[in-house]
Amino acid sequence: MQTMMWTASQLAAEGPQAAAQAQGMAALAWLLIALPLVGAAVLLLGGRRTNGVGPGLAVGMSWASFGVGAAILVEMLGRAPGERAQHVHLFSWLPVGTLNLNAGLLVDQLSMTFVMLVTFVGSLILVYSLGYMAHDPDKRRFFAYLNLFVAAMLLLVLADSYLLLYVGWEGVGLASYLLIGFWNYRPEYASAANKAFIANRVGDFGLGLAIMTMFFTFGRVDYAGVLPAAGEASQVTLTVIGLLLLVGACGKSAQFPLQSWLGDAMAGPTPVSALIHAATMVTAGVYLVVRSNPIYNLAPNAQLAVVVVGAITLTMGAIIGCAKDDIKKALAASTMSQIGYMMLAAGLGPIGYAFAIFHLVTHGFFKAGMFLGAGSVMHGMGDRVDMRTFGSLSGKMKTTWLTFGAGWLAIIGFPLLSGFWSKDKIIEAAFIGHGWRPWVFGFVTMLAAGLTAFYMSRLFFMTFHGDKRWEKDDHPHESPATMTIPMIVLSVGSVLLGGLLWFAGFTTWLEPVTGGHGEEHHPVLPVPVITGLTLVLVAIGVAWAYRMYWQGQVAVSAPRGSFWTRLARRDFYQDDVNHGALVLPGRGLVRAMVSTDDQGVDGAAMGLANGLRGASGRVRRIQNGFVRSYALTMLLGVVVILGAMW
């Protein structure tokens, strides 16, 4: 197998170009996590006394974390590529027997990419929330949870070990539960939060088993101990670890078959949806796979499983997005599909790791912008989400229309916008390989691009164009500046960021972590042919949506539709499958255990007790209090003893 450059963690353990103990600004990396964490603690512990300053404090702490991250990044760019990885020792965490684990942070190209994305996009979302949640009486708690979410995600990506990553992983899960169910006085919102929490526990169980397997195999769980030693383990062991890590990634990133929670997670306030889908939770699974690239490079079966999961999810998400009328759930299906692109790219190995992260960054901007745009539409339309009751909003909400339009063009891969640079690179990479794989996975990614163009154009046209379908009492209006300014900033990123990162050599910058491409690879089709076919499919998708949802008549109530439409509206019956495969057998198991407990354990105990009670009742009859009875008993005893002696 091709020799790969390992992560900066390996360099820290093995080479002269080691990840040195942090100096300069990198030594302050702990502040990245501490600042938003302090903001959350002050708001939660301060109670109502912080109502006045709480939201502003939360926003300030998030921007302060971004400032520290920017300073670290600038200093990192001034170093040679092999000297950019630095390690920050925090404290001795678990000095137990053979496990001597220190808590520390790994500041390298991959972790800093996520730091800048999380803090910048997250801070814009917090600014947006100032306007969106202005009239909510409990907004202090909401901003505290947002700070907690940002801090947990930063811990996840900066951790220098799988165990510390797991702490951040669970912190993200807790924060998402609190935010999705923020308005938990509505039963459906509380149910959605529980569903997300439970579905993620399934994935977290897989990640926990992976960490246990690492400790059993390598005796360590830190990156510097596990990743360089991957070549010493058997392929079977590495495959098991890779598949278990994939289970964890599927739960957090809403990939098949653990994706059913994502649509229901739209129950939370819209800024939560933007934060989950663009900068934090659903990107964690992609980070986990890319960070673990030395394991996957040596486990081709696990690598293939990642590609298959990504291909299935990106196709399912695109089909589901074509049938959703709820604007936020349509965007959620889009996120599922786009994360599928990233997972597929990560499963392609060294060819795709950097492209997965490249698309993750550009997607963070245009998806956050569109979610905030959806929130702006809801703000102007009385919190309604049904796109069939919108239409022709472009004249009433011009800023929202323009910024949302930038995100729409970016995600469909319009030439020279961000999605064109990042998603098309994944499509090209999918056509690289031998045998059947490049043809299958290549055309899956290409066809999904056409579906993406259709369902995102459908969403855009149904909301902003076509006939006006409002009610007479509706008065659409533009959102306040606190909401529109973040949308404008994100729209600029949607247009320009992809090209800027590509020409700045972003994928090359990641190579010390993701590994170089090694030998030259060429797609099975010429790149201009791939690009041309993809653009043709995109144009067909846009034209089809234009004909149906701009020029055509959109029914205010959804028609029954074909079998495929109903299948997509029901999310491929994911909930029904989960109910049949997990809930019903679980209930049956519980009933069987209760029956066993009642009739077996309790039955045996009660039988013994009843037997003793009956025996004691019979013995008690002898104790009647009459002297003649006792004398007779003594006589019988003497007779028995004499008989025995005789």
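Residues numbered from 1 in each chain as written. Predicted model: local features only at pLDDT ≥ 70, side-chain atom pairs only at ≥ 80, totals over all residues. Heavy atoms only, no water.

Student: Break down the pattern of salt bridges for me, citing the residues and quoting the values.
Tutor: For the coordinates displayed, the defined rule picks out 14 salt bridges. One salt bridge in this structure joins K195 and D264, with 2.9 Å as the shortest N-O distance. Of this pair, K195 sits in helix α7 (residues 187-218) while D264 sits in helix α10 (residues 261-264), placing them 69 residues apart in sequence. When the shortest N-O distance is used, the salt bridge between D474 and R384 registers 2.8 Å. Of the two residues, D474 sits in the loop between α19 (437-464) and α20 (481-503) while R384 sits in the loop between α16 (353-380) and α17 (398-411), which places them 90 residues apart along the sequence. (Salt bridge = Lys/Arg side-chain N within 4 Å of Asp/Glu carboxyl O. Helix = DSSP H or I, 4+ residues; strand = E, 2+ residues; numbered from the N terminus.)

Student: Explain the pairing of strand β3 (residues 99-107) residue by residue, including any values.
Tutor: The buried count for β3 comes to 7 of 9 residues, which makes it a mostly enclosed element. Here strand β2 (residues 86-96) pairs with β3 via 9 bridges, running antiparallel. When the sheet's bridge partners are listed, H87 is paired in β3 with L106. Hairpin remark: β2 followed by β3, antiparallel, with 2 residues in the connecting loop; positive phi at G97, about 55°. (Buried < 20%, exposed > 50% of the residue type's maximum accessible area, 1.4 Å probe, protein only. Pairing = 2+ DSSP bridges.)

Student: Residues and numbers for the nonpolar core, please.
Tutor: Counting residues in hydrophobic clusters, the biggest one holds 195 residues, and the most contacted among them are Y162, L245 and I295. A per-element tally of this core places α16 first, with 17 residues. What Y162 contacts, discounting residues up to four positions off in sequence, is I211, M214, V221, Y223, V226, L227, L245, L288, S292 and I295. (Core = buried A, V, L, I, M, F, W, Y, C linked by side-chain atoms within 4.5 Å. Contact = heavy atoms within 4.5 Å.)

Student: So what's going on with the packing of aromatic side chains? Which residues, and what values?
Tutor: For the coordinates displayed, the defined rule picks out 32 aromatic pairs. Among the aromatic residues, those joined into a cluster by ring pairs are F404, W408, F460, F461, F464, Y546 and W550. Against the face of F197 rests R201, its NZ or CZ located 4.1 Å from the ring centre. (Phe/Tyr/Trp six-rings, centres within 6.5 Å; stacked < 30°, edge-to-face > 60°. Lys NZ or Arg CZ within 6 Å of the ring centre and 35° of its normal.)

Student: Tell me about α20, and name the residues and values.
Tutor: In a regular helix each residue adds 1.5 Å, so 23 residues correspond to 33 Å; α20 covers 33 Å between its end C-alpha atoms and thus fits that length. For α20, the principal kink sits at L496 and spans about 50°. Residues of α20 that are buried include every one of M483, T484, P486, M487, L490, S491, G493, S494, L497, G498, G499 and L501, and no others. Of the surrounding elements, those touching the buried residues of α20 are α4 (109-132), α16, α17, α18 (418-430) and α21 (506-509). Following α20 by one or two positions, G505 adopts a phi angle in the positive range, close to 80°. (Expected span 1.5 Å × (residues − 1). Bend = angle between axes of the 7 residues up to and from the residue.)

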